[in-house]
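# Analysis of the macromolecular model
The chain contents come next:
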Amino acid sequence: MPAHRPAEGGLLAPVLLILAILVVATVDATTGPELHISAFMGIAPLVAALRCSYRRTLLVALVYVVSLTYVDLLTVPDWAPASRVVGVFGAFLVGVFALVLCRTRLEREALHARTTLVADTVQRAMLRELPLRAGPLEAYGFYVSAQEGARVGGDIYEAVDTPHGLRLMIGDVQGKGMPAIGAGLEVLASFREAAQYQESLEGVAGRMEQALTRYNARSAKEGADERFVTALLLEVRGPGRARLLSCGHIPYYLVREGLVHECSDGEGGLPLGLGGLGREPRRSVRIQPEPSDWVVLCTDGVTEARSGDGRFYPLAERIAARIDLEPADLARTLRADLEDFTDGDLKDDATLLVVRRTPVSEAAPAPARSVAA
């Protein structure tokens, strides 16, 4: 990135700094040698280095060096030649240091911008932007990475329209942040493929298990940690026709007739990556949604988030208190409330999806009222 990138703050900062230097230099030049405060204006080029572009920092530094040189050479008659040289040389060093500092800052900002672009590209390839839409299925929500500076991490989600119905998945990789991305990407890619071709949710989960097993085998050879993934798979084939399969995932929340119910349908299945330890195969369960139902899915980064005094986040209570909100507004409100509850200190990746199924005739741009999960 060029070091002379335009400053974000505009002209105000350099203009004010230059005016301050000139005013102080004028005061020094007109009040005699007993008052010599120009040297303290060395702060001006440093401030410019932290706020301005390279060219504007250079301009401020030049004004500072010229002003201080004028004051030291012409307005301090009692100084010895050596003192004058030291003063001028000191001003020159401050100016050079400000330019080096400015260039370093701009290079770091450019590196951060490139890194952010890469992270955004990876996130778009790995996780689709919310809200998700697959046929009449709508999923609003949020995803927050616990690792500072990371935009992707150990939580995954997806919704697809397949020949076998609408299928949605939310998952949580063991661990958090950047180290969990590899396992999450393997499982997510496997779900996207298997959901299109596998007749049953059990078949989809089986393919996801195989993909994660292969990933863990490669990780073990490379000396990396093996990981498991909890996941919740939901399939909707029509009004009142839905199935759910839990792979060790936490319960979901059913919103029905103004009440919030914590549901553990299908609970007991082992997480993906640990399927070989169980004696019984995973089995999906049939659920019977009603037309006005909503479903809230989340990862344990939400339900296990703690406040400063150690309390867990009461998700069911928070949903019940905001039951009148539309899904998009509910998701935004819950995210803000979660950050406020934890003072912004999340210990794990946190994902929440507010899911509803609307009739095809109403699933276009205008929000629909009827829901089935």
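Placed above this text is the structure.
Residues numbered from 1 in each chain as written. Predicted model: local features only at pLDDT ≥ 70, side-chain atom pairs only at ≥ 80, totals over all residues. Heavy atoms only, no water.

Let us now look at the nonpolar core. One finds Leu168, Leu233, Tyr252 and Leu297 to be the most contacted residues of the largest nonpolar core, which totals 49 residues. In terms of residues, this core owes the most to one element, helix H5 (residues 181-197), which gives 7 residues. When near neighbours in sequence (up to four residues on either side) are disregarded, Leu297 contacts Leu168, Ile170, Leu232, Tyr252, Thr351, Leu352, Leu353 and Val355. Of all hydrophobic cores here, the second largest spans 22 residues; its members include Val255, Tyr313, Leu330 and Leu338. (Core = buried A, V, L, I, M, F, W, Y, C linked by side-chain atoms within 4.5 Å. Buried < 20%, exposed > 50% of the residue type's maximum accessible area, 1.4 Å probe, protein only. Helix = DSSP H or I, 4+ residues; strand = E, 2+ residues; numbered from the N terminus. Contact = heavy atoms within 4.5 Å.)

Our focus in this paragraph is the pairing of strand S5 (residues 229-238). Burial analysis of S5 places 9 of its 10 residues in the buried class, the great majority of the element. Pairing between strand S4 (residues 165-173) and S5: 8 bridges, direction antiparallel. Following the sheet pairing, Arg167 is matched in S5 by Glu235. Note that S5 and strand S6 (residues 241-247) share 6 bridges and pair antiparallel. From the neighbouring strand, Val236 faces S6, where its bridge partner is Ala242. (Pairing = 2+ DSSP bridges.)

The subject of this paragraph is the packing of aromatic side chains. Given two aromatic rings, one states the distance between the centres and the angle between the planes to describe the pair. Counting across every chain of the model gives 1 aromatic pair. Arranged with centres 5.3 Å apart and planes meeting at 70°, the rings of Tyr313 and Phe341 form a pair that is edge-to-face. Residue Tyr313 is located in the loop between helix H7 (300-303) and helix H8 (315-321), and its partner Phe341 is located in helix H9 (residues 327-341); the two are separated by 28 residues in the primary sequence. Overall, Phe341 belongs to the buried group, its relative accessible area being 8%. Lying across the ring of Tyr54, Arg103 places its NZ or CZ 4.7 Å from the centre. (Phe/Tyr/Trp six-rings, centres within 6.5 Å; stacked < 30°, edge-to-face > 60°. Lys NZ or Arg CZ within 6 Å of the ring centre and 35° of its normal.)

For strand S3 (residues 155-162), the buried fraction is high: 7 of the 8 residues fall into the buried class. Pairing between S3 and S4: 8 bridges, direction antiparallel. Considered in S4, the bridge of Ile156 is made with Gly171. The antiparallel hairpin formed by S3 and S4 contains 2 residues in its connecting segment.

A few words now on the sheet that holds S5. Across the sheet, which stays open at both edges, the 5 strands sit in the order S3-S4-S5-S6-S9 with antiparallel pairing between neighbours. In this open sheet, the two strands that pair with only one neighbour each are S3 and strand S9 (285-287). When strand polarity is set aside, the average angle formed by the axes of neighbouring strands in this sheet is 20°. The strands touched by H5 are S3, S4 and S5; relative to S3, the strand with the most contacts, the crossing angle is about 10°. (Axes fitted to C-alpha atoms, helices over the stretch in contact; angles between N-to-C directions.)

It is worth spelling out the environment of Gly266 at this point. Mapped onto the elements, Gly266 comes out in the loop between strand S8 (259-263) and S9. The contact partners of Gly266, leaving out residues within four places of it in the chain, are Ser246 and Val285.

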